[in-house]
Structure formats: C-alpha cells, structure tokens
Amino acid sequence: MVTLREITKENYEECLQLNIAESQKRFVSSNVHSLAQAWIYYDTAYPFAVYADNTMVGFIMLGYYEAEGYYTLWKFMIDEKYQNKGYGKSALKLGIDYLVNRFQVKEVYTAYYATNQIARNLYASVGFRETGEIVENQVGMKLIVGNT
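Not measured: the values here are computed from a predicted model.

Trainee: Which residues make up the overall build of the protein, and what values go with them?
Mentor: The helix and strand tally for the protein stands at four helices and seven strands. Starting at the N terminus and ending at the C terminus, the protein contains elements arranged as β-α-α-β-β-β-α-β-α-β-β. Taking 15 Å as the expected radius of gyration for a compact globule of 148 residues, we find that the protein reaches 14 Å, a close match to that expectation. Taken along its principal axes, the extent of the C-alpha atoms in the protein is 40 × 30 × 30 Å. Split into buried and exposed, the 148 residues of the protein put 41% on the buried side. A separation threshold of at least 6 residues defines the contact pool for the protein, and within that pool the share at least 24 residues apart is 58%. As displayed, the protein offers around 8700 Å² of accessible surface, 48% of which is attributable to carbon and sulfur atoms. In the protein, 14 positive and 16 negative side-chain charges are present, and the distance between their average locations comes to 7 Å.

Trainee: Pulling in residues and values, what's your account of helix α3 (residues 87-103)?
Mentor: The end-to-end C-alpha distance of α3 is 24 Å, a good match for the 24 Å that 17 residues give at a rise of 1.5 Å each. Immediately beyond the C-terminal end of α3, within one or two residues, lies Gln104, with a positive phi of roughly 55°.

Trainee: Outline the nonpolar core, supporting the account with residue identities and numerical values.
Mentor: Of all hydrophobic cores here, the largest spans 27 residues; its most connected members are Ile60, Phe76, Tyr123 and Phe128. Elements that contribute at least two residues to this core include exactly β2 (45-52), β3 (55-65), β4 (70-78), α3, β5 (107-113), α4 (117-125) and β7 (138-144). With sequence-adjacent residues up to four places away left out, Tyr123 is seen in contact with Leu73, Phe76, Leu92, Thr110, Ala111, Tyr112, Phe128 and Met141. Counting residues in hydrophobic clusters, the runner-up holds twelve residues, among them Leu35, Ala49, Met56 and Phe59.

Trainee: Break down the packing of aromatic side chains for me, with residues and values.
Mentor: Following the criterion strictly, the structure yields eleven aromatic pairs and no others. A ring pair is formed by Phe27 and Tyr113, whose centres lie 6.0 Å apart and whose planes are at 35°; its orientation type is tilted. Taken together, the residues Phe27 in the loop between α1 (12-16) and α2 (31-40) and Tyr113 in strand β5 connect sequence positions 86 residues apart. Note on Tyr113: relative accessible area 27%, which makes it partly exposed. One residue, Arg5, lies across the ring of Tyr51, its end atom 3.9 Å from the ring centre.

Procedures and definitions
For every chain, the first residue of its written sequence is number 1, and the numbers climb from 1 along that sequence. In keeping with the predicted nature of the model, local features appear solely for residues at pLDDT of at least 70, side-chain atom pairs appear and are counted solely at 80 or more, and the whole-chain, interface and lining totals rest on all residues. As a rule here, side-chain values cover all heavy atoms of the structure and leave hydrogens and water aside. Segments assigned H or I by DSSP are reported as helices when at least four residues long, segments assigned E as strands when at least two residues long, and all are numbered from the N terminus. Atoms counted for the radius of gyration: C-alpha only. Globule rule: 2.2 Å times residue count to the power 0.38. To sort residues, take the accessible area from a 1.4 Å probe on protein chains only and compare it with the maximum for the residue type: under 20% means buried, over 50% means exposed, and anything in between is partly exposed. Contacts are residue-level and defined by heavy atoms, with any inter-residue pair within 4.5 Å sufficient. Calculation of accessible area relied on Shrake-Rupley with a 1.4 Å probe; when residues are assessed, cover is drawn exclusively from the protein chains displayed. When charges are counted, Lys and Arg are positive and Asp and Glu negative, with His and the chain ends excluded. To locate a charge, take atom NZ for lysine, CZ for arginine, CG for aspartate or CD for glutamate. One less than the number of residues in a helix, times 1.5 Å, gives the span that helix is expected to have. Buried Ala, Val, Leu, Ile, Met, Phe, Trp, Tyr and Cys residues that are joined via side-chain atoms within 4.5 Å together make up what is termed a nonpolar core. Side-chain rings of Phe, Tyr and Trp (the six-membered ring for Trp) are treated as a pair once their centres are within 6.5 Å; stacked means planes under 30 degrees apart, edge-to-face means over 60, and tilted covers the remaining angles. Here, a charge over a ring means that NZ of Lys or CZ of Arg falls within 6 Å of the ring centre while also lying within 35 degrees of the ring normal.

Given below as structure tokens:
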C-alpha cells in the first residue's frame, strides 16, 4: 500500500539517502536541493515521503507557483531499487488527491525534460497532457482534475 507522509525530523535523513539511477540524474534534483527549496518556500511547498507499507521508496513535492497562479507537481522521484513496481503512479495520484482535497484545484501543472520519455509516459498515464509550452528544454504538461 502506497502512502504519502510528511517529511519530519524523524525521516528526513532517510529521504536524503534515496537514490535515482545514474541515467536519471540529469533530470531529477537531489532530495537535499528539493528539501532546501521546501524550507525556503515553506508556505507554498508541500514535500512528502512516498512509502510502500513502512518502507520509504520515494519523494514528491507539490507546490503553488505564485508567479503563474497555479499548483504544480514540482519534484518527484522513486528510488532506483523501487522503480517499475507501480509506486510512482500511485504516488502521483495521491499527490493530486492531496491538492484537490486541500486546495480544491481544478488543474495541476508539471514539466519534464524533452529527452525524459519515462517521466512523460508516467505523467501521461495519470492524465497529464502536453500544453505545447517548452521552456529551457522542459515540456509543459497540465492535468485537468477529473480526467485521471
């Protein structure tokens, strides 16, 4: 069973130990960097550990992008040992549910690097669709809630 849990003083070090495959490092920020951003943007960043039962398997951070006025899937990673087990798709759905339940969002935005087809396919599998916007080699995607 996949759940999202707050990052706390009890589990943040475990979060910092999560790793991604070498081939993915050019696409994904380190969790150290992501948690630093969460601290700086504490009022608009929502970081969570992804758990499969009682094992931390990943990290997801959602946020509110004030400059554009929308909610985002900001950061996302599943540890290399736990990929291809369905945890990513489950975690994405839980993250979307969090935004819907807490903020009553109707849309969620994200982006992926144009060469990262794994991320593109995962996001598309939960309903994200490309917006046509490309910024710094990142392809914008939008999920209209209710289409998942």
